[in-house]
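Observations on chain architecture
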Amino acid sequence: SQQGEEDPQALSIQEGENATMNCSYKTSINNLQWYRQNSGRGLVHLILIRSNEREKHSGRLRVTLDTSKKSSSLLITASRAADTASYFCTPFGNEKLTFGTGTRLTIIP
Amino acid sequence: DAGVIQSPRHEVTEMGQEVTLRCKPISGHDYLFWYRQTMMRGLELLIYFNNNVPIDDSGMPEDRFSAKMPNASFSTLKIQPSEPRDSAVYFCASSRQSSPLHFGNGTRLTVT
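Report follows, based on the coordinates. (Residues numbered from 1 in each chain as written. Chains lettered and ligands numbered in written order. Predicted model: local features only at pLDDT ≥ 70, side-chain atom pairs only at ≥ 80, totals over all residues. Heavy atoms only, no water.)

Observations regarding the overall build of chain A
- Helix and strand counts for chain A stand at zero helices and 10 strands.
- When the helices and strands of chain A are listed from N to C terminus, the series reads β-β-β-β-β-β-β-β-β-β.
- For chain A, whose C-alpha radius of gyration is 13 Å, the value lies close to the compact-globule estimate of 13 Å for 109 residues.
- For chain A, the spread of C-alpha atoms along the principal axes amounts to about 40 × 25 × 20 Å.
- Across the 109 residues of chain A, 46% fall into the buried class.
- For chain A, the proportion of contacts with a sequence separation of at least 24, taken over those separated by at least 6, is 55%.
- Summed over all atoms, the accessible surface of chain A reaches about 5200 Å², with 44% contributed by carbon and sulfur.
- One way to put it: in chain A the 13 positive side-chain charges average out to a point 4 Å from where the 10 negative ones average out. (Helix = DSSP H or I, 4+ residues; strand = E, 2+ residues; numbered from the N terminus. Rg over C-alpha atoms; globule rule 2.2 N^0.38 Å. Buried < 20%, exposed > 50% of the residue type's maximum accessible area, 1.4 Å probe, protein only. Contact = heavy atoms within 4.5 Å. Areas by Shrake-Rupley, 256 points an atom, 1.4 Å probe, with all protein chains shown as cover. Lys, Arg positive; Asp, Glu negative; His and termini not counted. Charge placed at Lys NZ, Arg CZ, Asp CG, Glu CD.)

Comments concerning the packing of aromatic side chains
- Per the counting criterion, the structure on display carries 11 aromatic pairs over all chains.
- Seen from their ring centres, Tyr35(A) and Phe103(B) are 6.2 Å apart, and the 75° between their planes marks the pair as edge-to-face. Of this pair, Tyr35(A) sits in strand 4 (residues 31–37) while Phe103(B) sits in strand 10 (residues 102–103), placing the two residues on different chains.
- By relative accessible area, which is 0% here, Tyr35(A) ends up buried.
- Using a relative accessible area of 11% as the deciding quantity, one classes Phe103(B) as buried.
- Taken together, the ring pairs connect Tyr35(A), Phe88(A), Phe99(A), Tyr31(B), Phe33(B), Tyr35(B), Tyr48(B), Phe91(B) and Phe103(B) into an aromatic cluster. (Phe/Tyr/Trp six-rings, centres within 6.5 Å; stacked < 30°, edge-to-face > 60°.)

Digging into the sheet that holds strand 10 (residues 103–108) of chain A
Residue and element names in this part refer to chain A.
- Reading across from one edge, 2-10-9-4-5 is the order of the five strands in this open sheet, with mixed pairing throughout. The open sheet terminates on both sides in strands that have one partner only, identified here as strand 2 (10–14) and strand 5 (43–50). In this sheet, adjacent strand axes meet at a mean angle of 25° when their direction is disregarded.
- In the sheet, strand 4 pairs with strand 5 via seven bridges, with the strands oriented antiparallel. The residue bridging Arg 36 from the neighbouring strand is Val 44, located in strand 5. (Pairing = 2+ DSSP bridges. Axes fitted to C-alpha atoms, helices over the stretch in contact; angles between N-to-C directions.)

Some points on the sheet that holds strand 1 (residues 5–7) of chain A
Residue and element names in this part refer to chain A.
- The strand order 1-3-8-7-6 describes an open sheet built from five strands, whose pairing is antiparallel. Each edge of the sheet is formed by a strand with only one pairing partner; in this case those strands are strand 1 and strand 6 (55–58). Taking each pair of neighbouring strands and ignoring which way they run, the sheet shows an average axis angle of 20°.
- As defined by bridge partners, strand 3 (residues 19–24) adjoins strand 8 (residues 71–76) across six bridges and the pair is classed as antiparallel. In the sheet register, Met 21 faces strand 8, and the bridge partner there is Leu 74.

Regarding the layout of surface pockets
- Within this model, the largest pocket holds a volume of roughly 650 Å³.
- Around the largest pocket sit 23 residues that line it, and Gln37(A), Ser86(A), Gln37(B), Thr38(B) and Met39(B) are the ones nearest its centre.
- In terms of residue count, strand 9 (residues 88–95) of chain B provides more of the lining of the largest pocket than any other element does, three residues in total.
- A breakdown of the residues in the lining of the largest pocket according to their chemical character gives seven nonpolar, 13 polar and three charged.
- Space inside the second largest pocket adds up to approximately 200 Å³.
- In terms of lining residues, the second largest pocket is bounded by 15 residues, among which Gly42(A), Leu43(A), Val44(A), His102(B) and Phe103(B) are the most central.
- Where the lining of the second largest pocket is concerned, the elements lending two or more residues are strand 5 of chain A together with strand 10 of chain B. (1 Å grid on protein atoms, 1.4 Å probe; cavity = no way out; pocket = protein on both sides within 12 Å on 5 of 7 lines; lining within 4 Å. Points joined across faces, edges and corners; volume = space filled by probe spheres on them. Nonpolar A, V, L, I, M, F, W, Y, C, P; charged D, E, K, R; others polar.)

Focus on the state of the cysteines
- Across all of its chains, the model carries two disulfides over all chains by this definition.
- Residue pairing for Cys23(A): its cysteine sulfur links by disulfide to Cys89(A), the two sulfurs lying 2.0 Å apart. One quick way to see it: the torsion about the S-S bond of Cys23(A) and Cys89(A) is about 75°, and its sign makes the bridge right-handed. Taken together, the residues span a long stretch of sequence, with Cys23(A) in strand 3 and Cys89(A) in strand 9 (residues 85–92) at a distance of 66 residues.
- Residue Cys23(B) pairs covalently with Cys92(B) via a disulfide, S to S 1.9 Å. Between Cys23(B) and Cys92(B), the disulfide has an S-S torsion of -65° and is therefore left-handed. Remark: Cys92(B) occurs in strand 9 and Cys23(B) occurs in strand 3 (residues 19–24); sequence separation between them is 69 residues.
- Assessed through its relative accessible area of 1%, Cys23(B) is described here as buried.
- Of the residues examined, Cys92(B) reaches a relative accessible area of 0% and is grouped as buried. (Disulfide = S-S within 2.5 Å.)

Shown next, in the form of structure tokens:
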């Protein structure tokens, strides 16, 4: 099965700054999805980008996808304390969705 | 929409006991996934169902683990007998085909 590998493993920034996380994968995809996990909770879907899209926005989130490099990035602008969480990417090629170890983002007030 | 409902929220049991985790998916979702999360191994896919039929159980660690989906609104994950290394948070998630997953809030299992 394919799964995304997030980089960096951990990231700490000051509130108000932008946070960028990267994702790499190995096989062909139909779409790529980003999820957030707050401590003690289940994952929450953030954004889905299809294989024929290069960029997608949702509020303060911006996702890019480069299928030639098999990579994606998630940008969170104007970070807030509530953005403190783990972030996961998962490439979707068939029915099976698997996850890497995520990026642990800490926003420092 | 009540979301994916898992029970119990916490389970503490002794080694050797049987443990049953429960999941109610979102109505209308035809895919159901069971995941396990630990600090060491991250989020692992154990098994998933499509239209109540198990499609891929290659992630089930060993024969002590079994999962069923008797109908579209209910699934169980059973561990018998349980061992301390089974301690983890177990998540259930559901979705429609090619759509994002909706996760429950998990069951935190502690086996002593």
